[in-house]
Amino acid sequence: PYHAVTASGSYQAGRKLSLRARGEMYWYEEAGVSTGLVEVDDQGWRGSIGATFTASPKWTFDGSWLLDQGPAAPSSSYDLSATFQASERLQLSGYGGRLYRPLEFRYYDATGTWVGARAAWAFADQMSLWGDGQYIKDDRDRPDAAATNWDQLRLRGVLHFDGRNLTN
């Protein structure tokens with residue numbers, strides 16, 4: 001069985017800045033399994049911090065940082081975004097981030113980096129369209145044939161007919 005204790009909080013540090021944090025400790029019950037050559041970890045933790053800065057009614061900036069240390073491969077990541085509300089009906093965003101993680105049970109590490117852009121347009125009452133383009137670069141630091149390339153370009157688009165506003 002798996003157990004976890006989680007805590008989170010946020011703080012409005014003025015009209016333009018909000019801060020947030022989250023933490024979790026987790027553990028597994030003893031499985032009664034013996035492994036002669038491997039030491040098995042049965043507990044870990046993860047936490048994140050982040051901030052949102054509203055520079056003006058048109059500009060919002062956001063960033064977060066995450067650490068995860070536990071029985072699987074530990075990782076750390078960060079992401080950043082900027083959003084421009086061009087008009088009541090048009091919103092433009094750019095984002096990016098990076099993930100660092102070891103390849104569990106293998107040598108060397110892997111790093112994922114992504115950048116992207118999104119546009120959302122409410123072209124009529126209760127109808128909107130958004131499109132998103134993202135490039136992901138996956139680096140696997142290995143000197144052998146397992147140093148595969150998972151780089152990719154992702155394009156997505158959605159047409160809404162339910163009247164959701166652009167900030168959701």
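Refer to the structure presented above.
The rules behind these values
Residues numbered from 1 in each chain as written. Predicted model: local features only at pLDDT ≥ 70, side-chain atom pairs only at ≥ 80, totals over all residues. Heavy atoms only, no water. Pairing = 2+ DSSP bridges. Helix = DSSP H or I, 4+ residues; strand = E, 2+ residues; numbered from the N terminus. Phe/Tyr/Trp six-rings, centres within 6.5 Å; stacked < 30°, edge-to-face > 60°. Buried < 20%, exposed > 50% of the residue type's maximum accessible area, 1.4 Å probe, protein only. Lys NZ or Arg CZ within 6 Å of the ring centre and 35° of its normal. Patch = residues over 30% accessible without salt bridge, like charges linked within 9 Å, V, L, I, M, F, W, Y side chains within 5 Å. Areas by Shrake-Rupley, 256 points an atom, 1.4 Å probe, with all protein chains shown as cover. Salt bridge = Lys/Arg side-chain N within 4 Å of Asp/Glu carboxyl O. Lys, Arg positive; Asp, Glu negative; His and termini not counted. Charge placed at Lys NZ, Arg CZ, Asp CG, Glu CD.

### Details of the pairing of strand S8 (residues 127-140)
Pairing of strand S7 (residues 109-124) with S8 involves 13 bridges; the strand directions are antiparallel. Counterpart to Gly 116 in the pairing with S8 is Gln 134. Joining the antiparallel neighbours S7 and S8 is a turn of 2 residues, in which Gln 126 adopts a positive phi near 60 degrees. Where S8 meets strand S9 (residues 152-160), 9 bridges bridge the pair, whose relative direction is antiparallel. In the strand pairing of S9, Gln 134 is matched with Arg 154.

### Details of the packing of aromatic side chains
In total, this model carries 6 aromatic pairs according to the counting rule given. A ring pair is formed by Trp 59 and Phe 84, whose centres lie 4.8 Å apart and whose planes are at 40 degrees; its orientation type is tilted. Taken as a pair, Trp 59 in strand S4 (residues 59-69) and Phe 84 in strand S5 (residues 75-85) lie far apart in primary sequence, 25 residues in all. On the basis of an interplanar angle of 45 degrees and a centroid distance of 5.2 Å, the ring pair of Trp 121 and Phe 123 is categorised as tilted. Judged by its relative accessible area of 43%, Trp 121 is partly exposed. Among the aromatic residues, those joined into a ring-pair cluster are Tyr 2, Tyr 26 and Tyr 28. Above the plane of the ring of Trp 130 lies Arg 118, whose end atom (NZ or CZ) is 4.0 Å from the centre.

### Structural notes on a negative patch on the surface
On the surface, a cluster of negative charge is made up of Glu 30, Glu 39, Asp 41 and Asp 42. Within the fold, Asp 41 resides in the loop between strand S2 (17-28) and strand S3 (43-54).

Distances and angles like these do not, on their own, reveal function.
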